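Below, each chain spelled out in residue letters.
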Amino acid sequence: MTRVVACQLAPVIGDLAANAELSSAAVRAAVDDGADVVVLPELVTSGYVFASPEEAKSLAVQPDHGIFGAWAAACAARGGGASPVVVGGFCELGDDGLLYNSAAVVDASGVRAVYRKAHLWDREKLVFTPGSAAPPVVETAHGRIAVLVCYDLEFPEWTRTAALAGADLIAVPTNWPLVPRPDGERAPEVVIAMAAARVNHVAIACADRTRTERGVDWNEGTSIVSADGWVVSAVGAGTGTAQADLDLMASRDKRLTEHAHLMDDRRTELYGAVAPTV
């Protein structure tokens, strides 16, 4: 079993030092409590509601920044055995001088992969350049971990891409702006995560954020979804963690019944109107 922890935090816009300590403390606490995989929110290093592209650039970092070294050190502190894995969002300054809404996959050895958000939400398009690569699927001691960021989750082609690439767990750093919903209903993005998990038979861990930032409130929808599509742990309002022990190897079995198989039953020759390839 793999212990997956998703942390719902309240980063402070514009304060890299405070956010570095906030995120590192969250990783240390989760690892001390036995976490194998820790997921942090989108843009946890910088905050989300930028006043301008210039402000975002002043908060952007590269994968060799000390923030990721601190996450790696928290993973290494466990010592012996399989290193924990951290997936967290950051504002990335690319070598090309462009800004990306990115997420890093980190273990005790350092940064294993960086993913750049492909589907930019709303005013993000005024700040960031969209990524142009498929979600990485990183082979770890705990299974194959894929990374999406927030709005990416709402494109079924993207979660299917990760599943076809062999993901056992999709980690989703996210900042979901608060939207109205009927009493008793989950945030719509959580419903989407449940559906994506079920139709791909892959576990999904979403780390949302909390605290009002420049007038924006959040859904506080941090949730861990099993490969069967059920929410097995959630945070609710405020800071906190969702935690679940999952059999990630179970994600590899796509058979539903003796004669039904999620992947083998696809009719890709019929899907041209949806995408050139599925």
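Structural data are supplied above this passage.
Keep in mind it's a predicted model, so treat the numbers as computed, not measured.

Procedures and definitions
Residues numbered from 1 in each chain as written. Predicted model: local features only at pLDDT ≥ 70, side-chain atom pairs only at ≥ 80, totals over all residues. Heavy atoms only, no water. Helix = DSSP H or I, 4+ residues; strand = E, 2+ residues; numbered from the N terminus. Rg over C-alpha atoms; globule rule 2.2 N^0.38 Å. Buried < 20%, exposed > 50% of the residue type's maximum accessible area, 1.4 Å probe, protein only. Areas by Shrake-Rupley, 256 points an atom, 1.4 Å probe, with all protein chains shown as cover. Lys, Arg positive; Asp, Glu negative; His and termini not counted. Charge placed at Lys NZ, Arg CZ, Asp CG, Glu CD. Pairing = 2+ DSSP bridges. Axes fitted to C-alpha atoms, helices over the stretch in contact; angles between N-to-C directions. 1 Å grid on protein atoms, 1.4 Å probe; cavity = no way out; pocket = protein on both sides within 12 Å on 5 of 7 lines; lining within 4 Å. Points joined across faces, edges and corners; volume = space filled by probe spheres on them. Nonpolar A, V, L, I, M, F, W, Y, C, P; charged D, E, K, R; others polar. Polar contact = N/O pair within 3.5 Å; in protein donor to acceptor, adjacent residues only side chain to side chain. Parallel < 35°, antiparallel > 145°, perpendicular 65-115°, else oblique. Left-handed = near helix turned anticlockwise from the far one by under 90°. Contact = heavy atoms within 4.5 Å. Phe/Tyr/Trp six-rings, centres within 6.5 Å; stacked < 30°, edge-to-face > 60°.

J.: When you look at the overall build of the chain in this model, what are you seeing that I'm missing?
T.: Counting secondary structure elements, the chain contains 5 helices and 14 strands. A globule of 278 residues ought to have a C-alpha radius of gyration of about 19 Å, and the chain, at 18 Å, matches this closely. Counting only C-alpha atoms and orienting by the principal axes, one finds that the chain spans roughly 55 × 45 × 45 Å. The 278 residues of the chain split such that 53% are buried. On the chain, roughly 11,800 Å² of surface is accessible, and the fraction owed to carbon and sulfur atoms is 53%. When the 22 positive and 35 negative side-chain charges of the chain are each reduced to one mean point, those points stand 2 Å apart.

J.: I'm lost on the sheet that holds strand 5 (residues 110–116) in this one. Help?
T.: As a general point, the strands of a sheet are linked pairwise by backbone hydrogen bonds and lie either parallel or antiparallel. The mixed open sheet is built from 6 strands, whose spatial order is 5-4-3-2-1-12. Single-partner strands in this sheet number two, and they are strand 5 and strand 12 (240–246). Here the strands of the sheet are splayed against their neighbours by 25° on average, with no regard to which way each runs.

J.: What am I meant to see in the layout of surface pockets here?
T.: Left-over empty space is what a probe sized like a water molecule reveals as it rolls over the atoms. Taken as a whole, the largest pocket holds about 320 Å³ of empty space. Around the largest pocket, the lining is made up of 17 residues, and of these Tyr 48, Val 49, Phe 50, Arg 123 and Glu 124 lie nearest the centre. Residues belonging to the lining of the largest pocket are distributed by class as follows: 13 nonpolar, 1 polar and 3 charged.

J.: Got a minute to help me understand the environment of His 65 in this structure?
T.: On the secondary structure map, His 65 appears in the loop between helix 2 (53–58) and helix 3 (66–76). One polar contact links the side chain of His 65 to the main-chain amide nitrogen of Ile 67, over a distance of 3.0 Å.

J.: What exactly am I supposed to notice about the packing of helix 4 (residues 156–164) against helix 5 (residues 188–200) here?
T.: Each pair of packed helices can be described by the angle between their axes along with the distance between the axes. Here helix 4 crosses helix 5 at 40°, and the two axes come no closer than 10 Å. With respect to their mutual orientation, helix 4 and helix 5 come out oblique. Between helix 4 and helix 5 the crossing geometry is right-handed. Where helix 4 approaches helix 5, its residues Thr 159, Arg 160 and Ala 163 are matched on the opposing element by Ala 196, Val 199 and Asn 200. Its residues placed into classes, the contact of helix 4 with helix 5 shows 3 nonpolar, 2 polar and 1 charged.

J.: Honestly, the packing of aromatic side chains in this entry has me stumped. Any pointers?
T.: Each aromatic ring pair is characterised by the separation of its centres together with the angle its planes make. Under the definition given, this model contains 6 aromatic pairs. Taking 5.6 Å as the distance between ring centres and 85° as the angle between the ring planes, the aromatic pair formed by Tyr 48 and Trp 218 counts as edge-to-face. Taken together, the residues span a long stretch of sequence, with Tyr 48 in the loop between strand 2 (37–39) and helix 2 and Trp 218 in the loop between strand 9 (203–207) and strand 10 (223–225) at a distance of 170 residues. In this structure, Tyr 48 and Trp 218 share a single accessibility class: buried. A ring pair is formed by Trp 121 and Tyr 151, whose centres lie 5.1 Å apart and whose planes are at 75°; its orientation type is edge-to-face. Of this pair, Trp 121 sits in the loop between strand 5 and strand 6 (137–140) while Tyr 151 sits in the loop between strand 7 (143–147) and helix 4; the two residues are 30 residues apart in sequence, bridging distant segments of the chain.

J.: For this particular structure, what's the right way to read the environment of Ala 73?
T.: Among the secondary structure elements, Ala 73 is positioned in helix 3. By relative accessible area, Ala 73 is classed as partly exposed at 44%.

J.: What am I meant to see in the sheet that holds strand 11 (residues 231–234) here?
T.: Here we have 6 strands laid out as an open sheet, ordered 6-7-8-9-10-11, and mixed in their pairing. With one partner strand each, in any of the chains shown, strand 6 and strand 11 form the two edges of the open sheet. Pairs of neighbouring strands in the sheet enclose a mean axial angle of 20°, with direction left out of account.

J.: Please explain the side chain of Asn 101 as it appears in this structure.
T.: Locating Asn 101 in the fold gives a position in strand 4 (residues 99–107). Of note is the side chain of Asn 101, whose polar atom sits 2.6 Å from the side chain of Glu 42. Filtering out sequence-adjacent residues up to four positions away, Asn 101 remains in contact with Glu 42, Leu 43, Phe 90, Tyr 115, Arg 116, Lys 117, Glu 124, Phe 128 and Val 149.

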